[in-house]
There are 2 protein chains.
Amino acid sequence: MLSFFLVATCFTAFSQEKHNMVAVEKGLIKVSVMYPYSEGKTFNMEYYETKHMPMVAGFLGANLVKYTIEKGLASGIPNQPLPFVAIGTFYITSLTDYQAAIGPNRDAIRADFPNFTNISPVILVSEVVK
Amino acid sequence: MLSFFLVATCFTAFSQEKHNMVAVEKGLIKVSVMYPYSEGKTFNMEYYETKHMPMVAGFLGANLVKYTIEKGLASGIPNQPLPFVAIGTFYITSLTDYQAAIGPNRDAIRADFPNFTNISPVILVSEVVK
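Since the structure is predicted, the reported quantities are computational estimates derived from the model, not experimental observations.

Parameters at a glance
Residues numbered from 1 in each chain as written. Chains lettered and ligands numbered in written order. Predicted model: local features only at pLDDT ≥ 70, side-chain atom pairs only at ≥ 80, totals over all residues. Heavy atoms only, no water. Helix = DSSP H or I, 4+ residues; strand = E, 2+ residues; numbered from the N terminus. Buried < 20%, exposed > 50% of the residue type's maximum accessible area, 1.4 Å probe, protein only. Polar contact = N/O pair within 3.5 Å; in protein donor to acceptor, adjacent residues only side chain to side chain. Contact = heavy atoms within 4.5 Å. 1 Å grid on protein atoms, 1.4 Å probe; cavity = no way out; pocket = protein on both sides within 12 Å on 5 of 7 lines; lining within 4 Å. Points joined across faces, edges and corners; volume = space filled by probe spheres on them. Nonpolar A, V, L, I, M, F, W, Y, C, P; charged D, E, K, R; others polar. Axes fitted to C-alpha atoms, helices over the stretch in contact; angles between N-to-C directions. Left-handed = near helix turned anticlockwise from the far one by under 90°. Pairing = 2+ DSSP bridges. Phe/Tyr/Trp six-rings, centres within 6.5 Å; stacked < 30°, edge-to-face > 60°. Lys NZ or Arg CZ within 6 Å of the ring centre and 35° of its normal.

Draft legend 1. A look at the side chain of Ser94(A). Residues and elements named next belong to chain A. Topologically, Ser94 is positioned in the loop between strand E3 (84-92) and helix H3 (95-102). With relative accessibility at 18%, the residue Ser94 sits in the buried group. Separated by 2.9 Å, the side chain of Ser94 and the backbone nitrogen of Asp97 make a polar contact.

Draft legend 2. How the structure looks around the environment of Thr89(A). Residues and elements named next belong to chain A. Following the sequence through the fold, Thr89 ends up in strand E3. Along the primary structure Thr89 and Val128 are separated by 39 residues, whereas in three dimensions their C-alpha atoms are 12 Å apart. Those residues within four positions of Thr89 in sequence are excluded, and the remaining contacts are Lys30, Val31, Ser32, Met53, Lys66, Tyr67 and Thr68. A distance of 3.5 Å separates a polar atom in the side chain of Thr89 from a polar atom in the side chain of Ser32.

Draft legend 3. Representation of empty space enclosed by the protein. A full pass over the atoms with the stated rule returns three cavities of 30 Å³ or more. For the largest cavity, the full set of lining residues is Lys30(A), Ser32(A), Met34(A), Glu70(A), Ile87(A), Thr89(A), Lys30(B), Ser32(B), Met34(B), Glu70(B), Ile87(B) and Thr89(B). At the level of secondary structure, the elements contributing two or more residues to the lining of the largest cavity comprise strand E1 (29-36) and E3 of chain A together with strand E1 (29-36) and strand E3 (84-92) of chain B. Of the residues belonging to the lining of the largest cavity, the class tally is four nonpolar, four polar and four charged. Considering each element in turn, the lining of the second largest cavity owes the most residues, three residues, to strand E2 (residues 64-75) of chain A. Classifying every residue of the lining of the second largest cavity by side-chain character gives four nonpolar, one polar and four charged.

Draft legend 4. Highlighting the packing of helix H2 (residues 45-60) of chain A against H3(A). All names here are of chain A. In contact at an axis separation of 8 Å, H2 and H3 are set at 115 degrees when each is read in the N-to-C sense. The crossing of H2 and H3 is right-handed. Contact residues: H2 offers Val56, Phe59 and Leu60, while H3 offers Tyr98, Ala101 and Ile102. Residue classes in the contact of H2 with H3 are distributed as six nonpolar, no polar and no charged.

Draft legend 5. Structural context of the sheet that holds E1(B). Here we have eight strands rolled up into a closed barrel, ordered E1(A)-E3(A)-E2(A)-E4(B)-E1(B)-E3(B)-E2(B)-E4(A), and antiparallel in their pairing. Ignoring strand direction, the axes of neighbouring strands in this sheet form an average angle of 30 degrees. Looking at chain direction, E1(A) and E3(A) are connected through eight bridges and run antiparallel. The residue of E3(A) that forms the bridge with Pro36(A) is Phe84(A). Sitting on the sheet, helix H3 (residues 95-102) of chain B touches E1, E3 and strand E4 (122-128) of chain B, and the angle it makes with E3(B) is about 110 degrees.

Draft legend 6. How the structure looks around the packing of aromatic side chains. Under the criterion given, the structure shown has 23 aromatic pairs over all chains. With 6.2 Å between their ring centres and 45 degrees between their planes, Tyr67(A) and Phe90(A) make a pair best called tilted. Of this pair, Tyr67(A) sits in strand E2 while Phe90(A) sits in strand E3; the two residues are 23 residues apart in sequence, bridging distant segments of the chain. Ring plane angle 80 degrees and centroid distance 5.6 Å describe the contact between Phe43(B) and Phe116(B), whose orientation is recorded as edge-to-face. Separated by 73 residues along the polypeptide, Phe43(B) in the loop between E1 and helix H2 (45-60) and Phe116(B) in the loop between helix H4 (106-112) and E4 bring together distant segments of the chain. Classification of Phe43(B) as buried rests on a relative accessible area of 19%. What links up through ring pairs into an aromatic cluster is the set Tyr35(A), Phe43(A), Tyr47(A), Tyr48(A), Phe113(A) and Phe116(A). Above the plane of the ring of Tyr91(B) lies Lys66(B), whose end atom (NZ or CZ) is 4.7 Å from the centre.

So far we have only geometry, and geometry alone does not tell us how the molecule works.
See below:
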């Protein structure tokens with residue numbers, strides 16, 4: 001009986017966990033900082049990953065659910081140039097809170113750009129649909 | 001004794017699960033199909049979410065870890081146009097397997113485009129760094 005209870009608890013906790021994991025991203029706001037490829041531009045991924053992104057993430061507090069970094073490899077369309085060298089994405093719950101947190105730190109963030117790139121990023125604010 | 005074993009198994013499975021969830025994305029390949037915004041273009045998100053993306057996902061088999069859909073809301077830079085109306089992303093383990101799976105279905109995928117958009121997408125192949 002006790003065993004049954006423990007197993008039941010275990011499965012309940014387990015499926016809850018899975019459910020939370022699956023549901024966690026839907027409805028979140030993404031701020032994607034996208035660095036377009038063009039010839040002669042440079043991007044230091046190591047600095048970006050170890051210094052720049054952690055610095056910006058540190059400004060966001062509990063509003064930040066997670067952040068991701070991806071490295072562009074190729075265009076998925078033959079004979080097309082690589083669209084983006086890198087993309088850094090912040091998953092947040094509130095865009096207002098994000099803007100309030102970034103505002104006073106904008107100069108520090110901009111001042112760090114030359115340390116890893118000479119590319120002007122495109123920034124997409126989007127909503128996770130699925 | 002049996003109870004202890006069950007609880008131990010439960011916690012082991014649980015922490016394994018958490019570990020997998022945290023580690024699962026790093027190293028994966030993303031194929032991001034990005035629909036640039038421009039005036040007069042249309043995009044039917046409901047069709048995209050309920051018909052097009054599930055169809056393409058269905059071609060990918062076990063190579064597909066997950067797929068996501070996001071809806072573009074705004075540029076993160078004031079007075080800049082929205083960069084992308086929508087982005088659909090496939091998280092896969094093998095780009096070779098992806099290409100092998102998509103190849104024979106390319107015509108069916110292309111034929112479905114007019115059902116939800118008149119935008120020509122940009123496709124980024126990238127690697128999850130973090």
